[in-house]
Amino acid sequence: MPVELQILGRAVKAAQYRQHRALDSRLASIGSTLAQWDALRAIGRTPGASARELAGATFQSEQAFGTLAGRLVAQGLVDRRPGHGRRFEHHLTPEGERVLKAGHEVANPVLAECFEALAETEREALLGLLRKIEGRSEGGSGL
């Protein structure tokens, strides 16, 4: 019997929603949100990246990322520096690096809890299938 695609899509969304709620809730303990921590992760992975590049990496519009980046600058977590032309490059400040590290320490147990029902081989299979849907090879960069 074929899987109903709307049910499959909703199951993926439900798992994502559960994970995001848990992360957002626990990241509050370090004074961050999931959107802020995700932006810090993206900047930490690609120091000097533009707002356009970081918006794509965090699944946001350029306008939404620009607003978020402005808040991160105001909080002293991110430094924006002029780049080529009108481009601004984004870098973590020492405080931004501290919050990013604290976020990793909070997120790792949350993610372990989210995926605890799956054996390691199932996790590998799930990752492979999701990357296949996304159109990436298995060697792609992880979030």
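Position numbers for residues start from 1 in each chain and track the written sequence from start to end. Side-chain atom pairs in this predicted model are given and counted only at pLDDT of 80 or more, local residue features only at pLDDT of at least 70, and totals for whole chains, interfaces and linings cover all residues. Water and hydrogen atoms were dropped before computing side-chain values, which therefore reflect all heavy atoms in the structure.

### A short note on the overall build of the protein chain
At step 1: When helices and strands are counted, the protein chain shows six helices and two strands.
At step 2: Each residue gets one of three labels from its accessible area relative to the maximum for its type: buried under 20%, exposed over 50%, partly exposed in between, using a 1.4 Å probe on protein chains only. In the protein chain, buried positions account for 27% of the 143 residues.
At step 3: In what follows, a contact means two residues having at least one pair of non-hydrogen atoms within 4.5 Å. Considering only residue pairs separated by 6 or more positions, the protein chain has 51% of its internal contacts joining residues 24 or more positions apart.
At step 4: The charge count includes Lys and Arg as positive and Asp and Glu as negative, but it does not include His or the ends of the chains. A charged residue contributes its charge at one atom only: NZ of Lys, CZ of Arg, CG of Asp or CD of Glu. Looking at the protein chain, you have 19 positive and 17 negative side-chain charges, and the mean spots of the two groups are 5 Å apart. Only DSSP runs of H or I reaching four residues or more are called helices, and only runs of E reaching two or more are called strands; each is numbered from the N terminus.

### Structural notes on the pairing of strand S1 (residues 78–82)
At step 1: Bridge count for S1 against strand S2 (residues 88–92) is five bridges, and the pairing is antiparallel. Looking at S2, one finds that Val 78 is bridged to Leu 92. A pair of strands is labelled paired if DSSP reports no fewer than 2 bridges between them.

### Comments concerning helix H5 (residues 94–114)
At step 1: Under the 1.5 Å per step criterion, the end-to-end length of H5 is 30 Å for 21 residues, consistent within 8% with the ideal 30 Å.
At step 2: Note that the bend at a residue is defined as the angle between axes fitted to the seven residues ending at it and the seven residues starting at it. The largest bend in H5 comes to about 25°, at Ala 107, with the proline Pro 109 one to four residues further on.
At step 3: Where H5 is buried, its residues touch helix H1 (5–27), helix H2 (34–45) and S2. By this rule the span expected of a helix is its residue count minus one, scaled by 1.5 Å.

### Quick word on the pattern of salt bridges
At step 1: Within this document, salt bridges are pairs made up of a side-chain nitrogen of Lys or Arg and a carboxyl oxygen of Asp or Glu, the two lying within 4 Å of each other. A complete count under the given rule lists seven salt bridges for this structure.
At step 2: Of the charged contacts, one joins Glu 95 and Arg 98 as a salt bridge, the two residues approaching to 2.7 Å between their closest N and O atoms. Taken together, the residues span about one helical turn, with Glu 95 and Arg 98 both in helix H5 at a distance of three residues.
At step 3: Salt bridges sharing common partners tie together Glu 53, Arg 87 and Glu 89.

### Considering a nonpolar patch on the surface
At step 1: Any residue with relative accessible area above 30% and no salt bridge may belong to a patch, with like charges joined within 9 Å and the nonpolar Val, Leu, Ile, Met, Phe, Trp and Tyr side chains within 5 Å. Shrake-Rupley sampling with a 1.4 Å probe provides the accessible areas, and residues are treated as covered by the protein chains on show and by no other component. Taken together, the side chains of Val 3, Leu 5, Leu 8 and Val 12 make up a nonpolar region of the molecular surface, amounting to roughly 400 Å² of accessible area.
At step 2: Within the secondary structure, Leu 5 sits in helix H1.
At step 3: The exposure class assigned to Leu 5 is exposed, which follows from its relative accessible area of 67%.

### Points about the confidence of the model for the protein chain
At step 1: The predictor reports its confidence for every residue as pLDDT, a score running from 0 up to 100. Averaged over the protein chain, the pLDDT score is 93; the fraction of residues at 70 or greater is 94%.
At step 2: This model gives residues 137–143 a pLDDT under 50, and the stretch forms 13 contacts once residues within four places in sequence are excluded.

### Let's talk about the packing of H2 against helix H4 (residues 62–74)
At step 1: Axis definition: a line fitted to C-alpha atoms, over the contacting stretch in the case of helices. Angles run 0 to 180 degrees between N-to-C directions. The geometry of H2 relative to H4 is characterised by a closest axis approach of 11 Å and an angle of 90° between their N-to-C directions. With respect to H4, the axis of H2 lies roughly perpendicular. Across the interface between the two elements, Ala 35, Gln 36, Ala 39, Leu 40 and Ile 43 of H2 pack against Phe 65, Leu 68 and Leu 72 of H4.
At step 2: Here the term charged refers only to Asp, Glu, Lys and Arg, the term nonpolar to Ala, Val, Leu, Ile, Met, Phe, Trp, Tyr, Cys and Pro, and the term polar to all other amino acids, Gly among them. In the contact of H2 with H4, the residues fall into seven nonpolar, one polar and no charged. Here is the rule for angles: anything less than 35 degrees is roughly parallel, anything more than 145 is roughly antiparallel, 65 through 115 is roughly perpendicular, and the remaining ranges are oblique.

### Observations concerning the nonpolar core
At step 1: Judged by nonpolar contacts, the single largest core of 24 residues is most densely connected at Leu 40, Phe 65, Leu 72 and Val 78.
At step 2: Looking at this core, the elements with two or more residues in it are H1, H2, helix H3 (51–57), H4 and H5.
At step 3: Beyond its immediate sequence surroundings of up to four residues, Leu 40 is in contact with Leu 72, Leu 77, Val 78, Leu 92, Gly 96, Val 99 and Leu 100. By nonpolar core is meant a set of buried Ala, Val, Leu, Ile, Met, Phe, Trp, Tyr and Cys residues that side-chain atoms within 4.5 Å join together.

### Considering the packing of H2 against H5
At step 1: It is at 10 Å that the axes of H2 and H5 come closest, and there the two elements cross at 115°. For the element pair H2 / H5, the angle class is roughly perpendicular. Where H2 crosses over H5, the two elements pack in a sense that is left-handed. Together, Trp 37, Leu 40, Arg 41 and Gly 44 of H2 and Gly 96, Val 99, Leu 100, Gly 103, His 104 and Ala 107 of H5 make up the contact between the two elements.
At step 2: When the residues that make up the contact of H2 with H5 are grouped by side-chain class, the tally is five nonpolar, four polar and one charged. We call a crossing left-handed when the near helix sits turned anticlockwise from the far one by less than a right angle, and right-handed when that turn is clockwise.

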